[in-house]
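# Structure at a glance
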Amino acid sequence: MISDFFHPNVGGVENHIFMLSANLIRRGHKVIVITHSHPPDRVGVRWLLPGLKVYHIPFPTIASSATLPNYFTFLPYFRVIIAREHIHLVHAHASLSSLGQEAILHAHHLGVRTVFTDHSLFGFEDAASILTNKLLAAALKNVDAVICVSHTGRENTVLRGQLFEKSKDLSALVVRPNVYVIPNALVAEQFTPATEPVSSETIYIVVLSRLAYRKGIDLLVATAPRICSAFPNVNFIVGGDGPKLNDLLQVRERHLLQDRIELLGPVRHRDVRDVLVRGSIFLNTSLTESFGIAILEAACAGLYVVSTRVGGVPEILPHDMISFAKPEEDDLIRALSEAVAIVSKGQHDPIEAHQRVKNFYNWGDVAERTEIVYDAAIKSEQKDLLTRMQRTMELGPFAGPIYTIILVVDCLFFLFLEWLMPRQDLDFVQMHWEHDNFRRVQ
């Protein structure tokens, strides 16, 4: 597993990598994680329960826990780790992870197969998206398999990464057969409903999100005062941090809602369930969302969900457990009013919702389906250097030659490292995690 986004940072990608790794270990595989360092002291090798080995490469971050793309500096570290640990397959995560994209480039030199999982949706118009999409397309030109967390995310990734090829009769372009959809999951036992029913006299709407524009916090700022005015028995609990926190503070003071809107600040993942069970309704105002693990956690904790109809959100829950709204102020007011009426009349059963979500999503199924993708990637035809150069040239008249030069230089640098530090001189890892001990711990 390789990504810029991993613990001790907290987030959906970080949790996905950890839970998938733990369940693959449970199924008898050897799994390691490669990520960047966290100054001042999280550098080198660390171990996480239950026996997950993590390599923290000494690379600084530039923004949002992402490292600067460099392509060549990572190769000496990557080559030594992959060779020492006897790795057969590299699984990179997240479009914005430079380490993940570079690992896909380097892995082919070692004969290691590659899989990439995309967790987010991106646009096509702004400069940042155009640059990100071109980097992604270059990385995925020679990848062996791609996993997306929703069908909407699959469509987005196919377009951004140019994951299509000519049909057999050369009359049309078709999506590559190695693009898969495997949703996120959760540990349902960590998100049980409240042991005592939540009082219906005062209804709490819970918001747990990064307080940023992409998460639709402007919608929350606009709708919260109107909901408080229309429903005297409805209060808000908002957890999270981000650049939009000041906007929430200002609107709360402007409308004198200090006793109606509670701002918790950053919430640790282990405390999420305790915050969720204080409420009856969970509100998601995201403007773009590939899957939305927070929605799944809230539904599992027994909350009725209100969400904007964006991205892959409509794929997560049955329609009787969620109310959708357009990403507009008036329609969000309508959906929230509908949710308040449902909860007030006792038409939503938290225990039943928990059991349904528990049956829908679990990490064991995700790990089993991921194994199938790994098997297909390992059995797929290996691409030689000439084929990879030809596929890279398809990126376009400007990007194609640039990335082809990067590929060739990377290959030459790899040959230089093979001469400078022969593999037979490396200190190989001989001791592996005892799976029987792991099962006893579980």
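Check the entry above for the structure.
Keep in mind that what you see is a predicted model, and the values were worked out from it rather than measured.

## Focus on helix α7 (residues 245–254)
Owing to its 3.6 residues per turn, the α-helix brings residues three or four apart onto one side. Residues Leu 248, Val 251 and Arg 252 constitute the buried set of α7. Buried positions in α7, seen along its axis, are confined to an arc of 100° and lie on one side of it. The outward face of α7, more than 90 degrees from its buried face, is lined by the exposed residues Glu 253 and Arg 254. Elements in contact with the buried residues of α7: α6 (217–230), β13 (234–239) and β14 (261–265).

## Looking at a nonpolar patch on the surface
There is a patch of nonpolar side chains on the surface, built from Phe 124, Leu 159, Phe 164 and Leu 173 and spanning about 400 Å² of accessible area. Mapped onto the elements, Phe 164 comes out in strand β9 (residues 164–166). On the basis of relative accessible area, Phe 164 is assigned to the partly exposed category, the value being 32%.

## Some remarks on the nonpolar core
Core analysis: the largest hydrophobic core is formed by 59 residues, its most contacted members being Leu 276, Phe 282, Leu 296, Leu 317 and Val 357. The element that contributes the greatest number of residues to this core is helix α1 (residues 12–26), accounting for seven residues. When residues no more than four places from it in sequence are discounted, the contact partners of Leu 317 are Ile 295, Leu 296, Ala 299, Val 305, Ile 322 and Val 357. Counting 31 residues, the second-largest nonpolar core is a separate cluster that includes Ile 227, Leu 248, Ile 281 and Ala 339.

## Some details on the packing of aromatic side chains
Applying the stated criterion across every chain, the model contains six aromatic pairs. Centroid distance Phe 59 to Tyr 77: 5.6 Å. Interplanar angle 90°. Geometry classified as edge-to-face. Placement of Phe 59 in the loop between β3 (52–57) and β4 (61–63) and of Tyr 77 in helix α2 (residues 74–84) is noted, with a sequence separation of 18 residues between them. With a relative accessible area of 34%, Tyr 77 lands in the partly exposed category. Plain terms: the ring middles of Phe 360 and Tyr 361 are 6.4 Å apart, the flat faces sit at 90° to each other, and that makes the pair edge-to-face. Within the aromatic cluster, the residues linked to one another by ring pairs are Phe 59, Phe 74, Tyr 77 and Phe 78.

## Quick word on the environment of Phe 236
Along the chain, Phe 236 falls in strand β13. The spacing of Phe 236 and Val 207 is 29 residues in sequence and 7.6 Å in space, taken between C-alpha atoms.

## A closer look at the pattern of salt bridges
Summed over the entire model, instances satisfying the criterion amount to 22 salt bridges. Across the pair Lys 383 and Asp 144 runs a salt bridge whose closest N-O atoms are separated by 3.6 Å. Here Lys 383, found in the loop between α12 (363–379) and α13 (385–393), pairs with Asp 144, found in the loop between α4 (127–140) and β8 (145–148); they are 239 residues apart in sequence, far enough to count as distant. Comparing Lys 383 with Asp 144 shows no difference in burial state: the two are buried. A salt bridge links Arg 273 to Asp 274; the shortest N-O distance between them is 3.6 Å. Among the charged side chains, a salt-bridge network with shared partners connects Lys 30, Lys 53 and Glu 85.

Calculation notes
Residues numbered from 1 in each chain as written. Predicted model: local features only at pLDDT ≥ 70, side-chain atom pairs only at ≥ 80, totals over all residues. Heavy atoms only, no water. Buried < 20%, exposed > 50% of the residue type's maximum accessible area, 1.4 Å probe, protein only. Helix = DSSP H or I, 4+ residues; strand = E, 2+ residues; numbered from the N terminus. Arc of directions from axis to C-beta. Contact = heavy atoms within 4.5 Å. Patch = residues over 30% accessible without salt bridge, like charges linked within 9 Å, V, L, I, M, F, W, Y side chains within 5 Å. Areas by Shrake-Rupley, 256 points an atom, 1.4 Å probe, with all protein chains shown as cover. Salt bridge = Lys/Arg side-chain N within 4 Å of Asp/Glu carboxyl O. Core = buried A, V, L, I, M, F, W, Y, C linked by side-chain atoms within 4.5 Å. Phe/Tyr/Trp six-rings, centres within 6.5 Å; stacked < 30°, edge-to-face > 60°.

All quantities given are derived from atomic positions and should not be read as evidence of function.
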